[in-house]
Amino acid sequence: TLALLQARGWLAHFSHIHCLGDGLPAKPDPAPLLATLARLDCPPAQALFVGDSRIDAQCAANSGLTFAAHLGGYHSDLAELAPAALHYDHPRHLLRWLAQTHPRMLETEHG
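Reading the values: the criteria
Counting of residues starts from 1 at the beginning of each chain's written sequence and follows it residue by residue. A pLDDT threshold of at least 70 governs which residues receive local features in this predicted model, and a stricter bar of 80 or more applies before side-chain atom pairs are shown or counted, although totals over entire chains, interfaces and linings include all residues. The side-chain figures draw on all heavy atoms in the structure; neither hydrogens nor water molecules are used. Pairs were defined over the aromatic rings of Phe, Tyr and Trp, the Trp ring being its six-membered one, requiring ring centres within 6.5 Å. Orientation was assigned from the angle between planes: stacked under 30 degrees, edge-to-face over 60, tilted for the rest. The way it works is that DSSP assigns letters per residue, a run of H or I at least four long becomes a helix, a run of E at least two long becomes a strand, and they are numbered from the N terminus. Whether a residue is buried, partly exposed or exposed follows from its accessible area with a 1.4 Å probe, protein chains only, as a fraction of its type maximum: under 20%, in between, or over 50%, in that order. Only strands joined by at least two bridges in the DSSP assignment are considered to pair. Orientation is described by lines fitted to C-alpha atoms, with helices fitted over the stretch in contact, and by angles between N-to-C directions that extend from 0 to 180 degrees. Any two residues having at least one pair of non-hydrogen atoms within 4.5 Å are treated as being in contact.

Colleague: Report on the packing of aromatic side chains, specifying residues and quantitative values.
Modeller: The way to describe two aromatic rings as a pair is by their centre distance and the angle between their planes. Applying the stated rule across the entire model yields one aromatic pair. Ring geometry for F49 and F67: centres 5.8 Å apart, planes at 50°, overall tilted. Separated by 18 residues along the polypeptide, F49 in strand β1 (residues 48-53) and F67 in strand β2 (residues 66-74) bring together distant segments of the chain. Comparing F49 with F67 shows no difference in burial state: the two are buried.

What follows is the structure, encoded as structure tokens:
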């Protein structure tokens, strides 16, 4: 993960990254996700997990996070993405949903 982010020039855009070698269990265990949220001082109720697989959906559920499921990912059936608050196939659909469900977040968190 780190090598890919570095190669793409994206590493500087992340304040915290958990990888498999960090000593925490892998998804769908919620420990890495909850550790990241704690480091960011973000309560799980205020976070959105965006993923594209059954494991991501399970991790979100195990963490108590709202889950947005990207349809172009690693799943063979929509049921694997349950419980998703949103299924989307393009980022604009996710942004539209966020604007409808959390309008103040988009107004105040744009930097």
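We are not done yet, so read on.
Colleague: A description of the sheet that holds strand β3 (residues 86-88) should follow, citing residues and the corresponding values.
Modeller: Two strands in a sheet stick together by hydrogen bonds in their backbones, pointing the same way (parallel) or opposite ways (antiparallel). Strands sit in the order β1-β2-β3 across an open sheet of three strands; the sheet is parallel. Bordering the open sheet on either side are β1 and β3, each of which pairs with just one other strand. Taking each pair of neighbouring strands and ignoring which way they run, the sheet shows an average axis angle of 25°. Taken together, the five bridges between β1 and β2 define a ladder with parallel strand orientation. Bridge pairing in β2 links V50 to A68. Sheet contacts for helix α4 (residues 91-101): β1, β2 and β3; angle to β3, the most-contacted strand, approximately 150°.

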